[in-house]
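This is what each chain is made of:
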Amino acid sequence: LLLGDKLNSENLQFGIEGGLNWSNISGFKSKAYAQSFNMGFYFDFKFKKRWGLNTGLLVKSQLGTKNLSQADIEKISSVYYGSDGSYNQVIDYFIVPVLAKYRFTKSIYVEAGPQGGLMYNAWVEYNLKSDQSDNRIRNYNEDQINRIDAGFTIGTGYVLLGGKGFTLGVKYYQGLVNTYKGNSSTQNRSFFVKMNIPIGVGDKKENTNTQNK
């Protein structure tokens, strides 16, 4: 944040990325999507008039799946407490996309490329709600999850203020490696809705106009 105005230039934009994502894991009976919030920072490089590269790091991001069935719980060897509650797999990742970016106009773009993730925490969460209390139990299972996740991302977006303001975008991620050790066809997949907020761009433009006067 402190160096945002120093990093931004004509061919490089730096800022904060935040948003929501809806994820699930293939290979389970449950097809429900788990919702979570994500946040990090991004770098947007401009190479030519229309081509560029978008990368960065989501430091707070979760993938997983929602409403696991009894068969799903048995598949990952977690504890089953009965059918009265709900079971969700939650996985914390550091996520790094490396996306080639093509601009149709100053505001509209598409992007695509590989994405990697580093798992640092994971648990199956059991929730049981009643009139008297809410019960939540976490059974940590990071030893069952492959630490490295990798796949492919495609997306599109719109940059406000003629290509110089906030960015609103959507992305889809498809994992290409197994999420669980020894369980084939268990890949992460997620829809992302994001907002990119450039740091220091407005201040730099204002300072330039002041100097010209």
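Higher on the page you've got the structure.
Computed from a predicted structure; not experimentally measured.

1. Topic: the environment of V159
Mapped onto the fold, V159 is located in strand β8 (residues 148-159). Its relative accessible area of 10% is what places V159 among the buried residues. With sequence-adjacent residues up to four places away left out, V159 is seen in contact with K106, S107, Y109, K164, G165, F166 and T167.

2. Let's talk about the pattern of salt bridges
Here the structure, examined in full by the defined rule, presents 6 salt bridges. Here E125 makes a salt bridge to R136, at a shortest N to O gap of 3.8 Å. On the criterion of sequence distance, the pair formed by E125 in strand β6 (residues 108-129) and R136 in strand β7 (residues 134-140) is long-range, its members being 11 residues apart. We classify E125 as buried; its relative accessible area is 10%. Between R138 and E125 there is a salt bridge; the shortest N-O distance is 3.4 Å. Here R138, found in strand β7, pairs with E125, found in strand β6; they are 13 residues apart in sequence, far enough to count as distant. Overlapping salt bridges bring together D44, K101 and R103 as one network.

3. A look at the side chain of T167
Topologically, T167 is positioned in strand β9 (residues 167-175). Beyond its immediate stretch of four places on either side in the chain, T167 contacts Y109, Y158, V159, K194, M195 and N196.

4. Remarks on the side chain of N38
Along the polypeptide, N38 turns up in strand β2 (residues 34-46). Within the structure, N38 has its side chain in polar contact with the side chain of N21 (distance 3.1 Å). Excluding residues within four positions of it along the chain, N38 makes contact with E17, G18, G19, L20, N21, L58, K60, S61 and F192.

5. Considerations on the packing of aromatic side chains
Tallying each qualifying case throughout the model produces 14 aromatic pairs. Considering the side-chain rings of F14 and F41, the 6.1 Å spacing of their centres and the 50° angle between planes classify their relative orientation as tilted. Residue F14 is found in strand β1 (residues 12-25), and its partner F41 is found in strand β2; the two are separated by 27 residues along the sequence. On the basis of relative accessibility, which here comes to 9%, the residue F14 falls in the buried class. Here a set of aromatic residues connected by ring pairs shows up, and it is made of F14, F41, F43 and F45. One Lys or Arg, R138, reaches over the ring of W123 and ends 4.0 Å from the middle of that ring. The ring centre of F192 lies 5.4 Å from the NZ or CZ of K171, which sits over that ring.

6. Details of a positive patch on the surface
Together, K46, K49, R50, K106 and K164 make up a positively charged patch on the protein surface. Tracing the backbone shows R50 in the loop between β2 and β3 (51-60).

Conventions used here
Residues numbered from 1 in each chain as written. Predicted model: local features only at pLDDT ≥ 70, side-chain atom pairs only at ≥ 80, totals over all residues. Heavy atoms only, no water. Helix = DSSP H or I, 4+ residues; strand = E, 2+ residues; numbered from the N terminus. Buried < 20%, exposed > 50% of the residue type's maximum accessible area, 1.4 Å probe, protein only. Contact = heavy atoms within 4.5 Å. Salt bridge = Lys/Arg side-chain N within 4 Å of Asp/Glu carboxyl O. Polar contact = N/O pair within 3.5 Å; in protein donor to acceptor, adjacent residues only side chain to side chain. Phe/Tyr/Trp six-rings, centres within 6.5 Å; stacked < 30°, edge-to-face > 60°. Lys NZ or Arg CZ within 6 Å of the ring centre and 35° of its normal. Patch = residues over 30% accessible without salt bridge, like charges linked within 9 Å, V, L, I, M, F, W, Y side chains within 5 Å. Areas by Shrake-Rupley, 256 points an atom, 1.4 Å probe, with all protein chains shown as cover. Lys, Arg positive; Asp, Glu negative; His and termini not counted. Charge placed at Lys NZ, Arg CZ, Asp CG, Glu CD.

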